[in-house]
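# Architecture at a glance
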Amino acid sequence: MSTKQISQITLCHSFAIDHQLSRLLLITESHQYIINIKHTRMDLNEALCKQIEYYLSEENLQKDAFLLSHMAPFEHHSVLIDLFLTFKRVKAIFAEHQTEPRVELLAEALASSKNVKMVIKSTGDQHVRPNPRVQASLDARSFILKNISQSDFTINSFVQHFGPQLGAGILVVRPSPKHSMEWILQYADRTTCTDAMTRFSAFWLKNNNNALKATKLEAISLQYPPFDLIFTNNNTQHTIDR
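Residues numbered from 1 in each chain as written. Predicted model: local features only at pLDDT ≥ 70, side-chain atom pairs only at ≥ 80, totals over all residues. Heavy atoms only, no water.

## Details of the overall build of the protein chain
- When its secondary structure is counted, the protein chain shows 10 helices and 12 strands.
- Across the protein chain, every contact between residues at least 6 apart in sequence was considered, and the portion connecting residues at least 24 apart equals 53%.
- Only carbon and sulfur atoms are counted for the fraction: they give 52% of the accessible area of the protein chain, which is about 13,800 Å². (Helix = DSSP H or I, 4+ residues; strand = E, 2+ residues; numbered from the N terminus. Contact = heavy atoms within 4.5 Å. Areas by Shrake-Rupley, 256 points an atom, 1.4 Å probe, with all protein chains shown as cover.)

Right, dumping it as structure tokens:
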């Protein structure tokens, strides 16, 4: 049925939606119209799924510091699904399909994805995880600095204090949500992450870093198998496989 035909309907006695066949039935005084809406919903789901899969792809997460800063590294790098509803491109997709952005529609679109996984937490919140290959890549370019109090630094002052040690390729510096003496650092690739851990080692051993009033600094890689680099004030360094 054309748009012109729809606009000519002045009185609609009733309508019904057949969810199984995804059809809309309009009944007027003289006619019945059947509108197939299945392709519209399928197109919406496909567009949403494709967009979220891109957001959680290796390609995007090598540069998307904002999204990385909202992911949970201790929970398979999951992200709250509600966050995506704030993204301009996701809003635009809903607008293109003349649909109000809703979490349940986004969850429906991602339910059949092979590249991301929906997870419902015990709190009832819905999270989305990237695929295991991307999770492993994120682990390999992330590490935790332990025994540096979050109360001693803001994010900006942390970056200023450790600027040379952070090096190029740093995407995210943030306090750990798990412990007040830990900081999470995430890099664009594994090489720059490893180089940064080495620089922190040299920096700690050279300066003894008494200003931080800590007995030791630990840089813990999130990659599998994880390992700890422990730098102590007596100028010793050793690695512990876990």
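There is more to say after this.
## Concerning the packing of aromatic side chains
- Evaluation of the coordinates by the stated rule reveals 13 aromatic pairs.
- Between Y55 and F87, the ring centres sit 5.0 Å apart and the planes meet at 90 degrees, which makes this aromatic pair edge-to-face. You can see Y55 sitting in helix α2 (residues 38-55) and its partner F87 sitting in the loop between β4 (79-80) and α5 (88-96), a full 32 residues away along the chain.
- Between the aromatic rings of F66 and F87, the centroid separation amounts to 6.1 Å while the plane-to-plane angle is 55 degrees, which identifies the pairing as tilted. Here F66, found in helix α4 (residues 65-69), pairs with F87, found in the loop between β4 and α5; they are 21 residues apart in sequence, far enough to count as distant.
- In textbook terms, an aromatic cluster arises when at least three aromatic residues are bridged by ring pairs, as seen for F143, F153, F158, F162, W183, Y187 and F200. (Phe/Tyr/Trp six-rings, centres within 6.5 Å; stacked < 30°, edge-to-face > 60°.)

## A word on helix α7 (residues 132-140)
- Looking only at α7, the buried set comprises V134, Q135, S137, L138, D139 and A140.
- A distance of 3.0 Å separates the backbone nitrogen of R133 from a side-chain oxygen at the start of α7, and that oxygen is part of N131. (Buried < 20%, exposed > 50% of the residue type's maximum accessible area, 1.4 Å probe, protein only. Polar contact = N/O pair within 3.5 Å; in protein donor to acceptor, adjacent residues only side chain to side chain.)

## Thoughts on the side chain of S78
- Within the secondary structure, S78 is located in the loop between α4 and β4.
- Only 3.2 Å separates the side chain of S78 from the backbone oxygen of E75, close enough to count as a polar contact.
- Excluding anything up to four places from it in sequence, S78 contacts H70, M71, A72, K121, H127, V128 and R129.

## As for the confidence of the model for the protein chain
- Looking at the protein chain as a whole, the pLDDT averages 78, with 71% of positions reaching at least 70.
- Considering only residues more than four positions removed or in separate chains, one finds that residues 224-242, a stretch of pLDDT under 50, has 55 contacts. (pLDDT = per-residue confidence, 0-100.)

## Some remarks on the sheet that holds β4
- A sheet is described by the order of its strands in space; here three strands give the open sequence β4-β6-β5, paired in antiparallel fashion. Of all strands in the sheet, those bounded by a partner on one side alone are β4 and β5 (116-120).
- When β4 meets strand β6 (residues 126-130), the two strands line up antiparallel, connected through two bridges. Paired with L80 across the two strands is H127, which belongs to β6. (Pairing = 2+ DSSP bridges.)

## Describing the environment of T192
- Tracing the chain through its elements places T192 in helix α10 (residues 190-207).
- Residue T192 is classed as buried on the basis of its relative accessible area of 18%.
- Sequence separation between T192 and G169 is 23 residues; the distance between their C-alpha atoms is 6.1 Å.
- When neighbours within four sequence positions are excluded, T192 is seen to be in contact with A168, G169, Y187 and R199.

## Describing helix α6 (residues 103-110)
- Counting buried residues in α6 gives six out of eight residues, a clear majority hidden from the surface.
- Here α6 has its buried residues at V103, L105, L106, A107, A109 and L110.

## Notes on the pattern of salt bridges
- Under the defined criterion, the tally for this structure stands at four salt bridges.
- Measuring nitrogen to oxygen at the nearest pair gives 2.4 Å for the salt bridge that ties E75 to K121. With E75 in the loop between α4 and β4 and K121 in the loop between β5 and β6, this pair connects stretches of sequence that are 46 residues apart.
- Judged by its relative accessible area of 38%, E75 falls in the partly exposed class.
- One salt bridge in this structure joins E96 and R89, with 3.1 Å as the shortest N-O distance.
- R89 sits in the partly exposed class, given a relative accessible area of 36%. (Salt bridge = Lys/Arg side-chain N within 4 Å of Asp/Glu carboxyl O.)

## Some remarks on unusual backbone geometry
- The phi dihedral of Q98 falls on the positive side, at around 50 degrees, and the residue is not glycine.
- Under the relative-accessibility criterion, Q98 is labelled exposed at 78%.
- The phi angle at N147 is positive, at roughly 70 degrees, despite the residue not being glycine.
- Locating N147 in the fold gives a position in the loop between β7 (142-146) and α8 (155-161).
- Looking at N147, the relative accessible area reads 22%, which means it is partly exposed.

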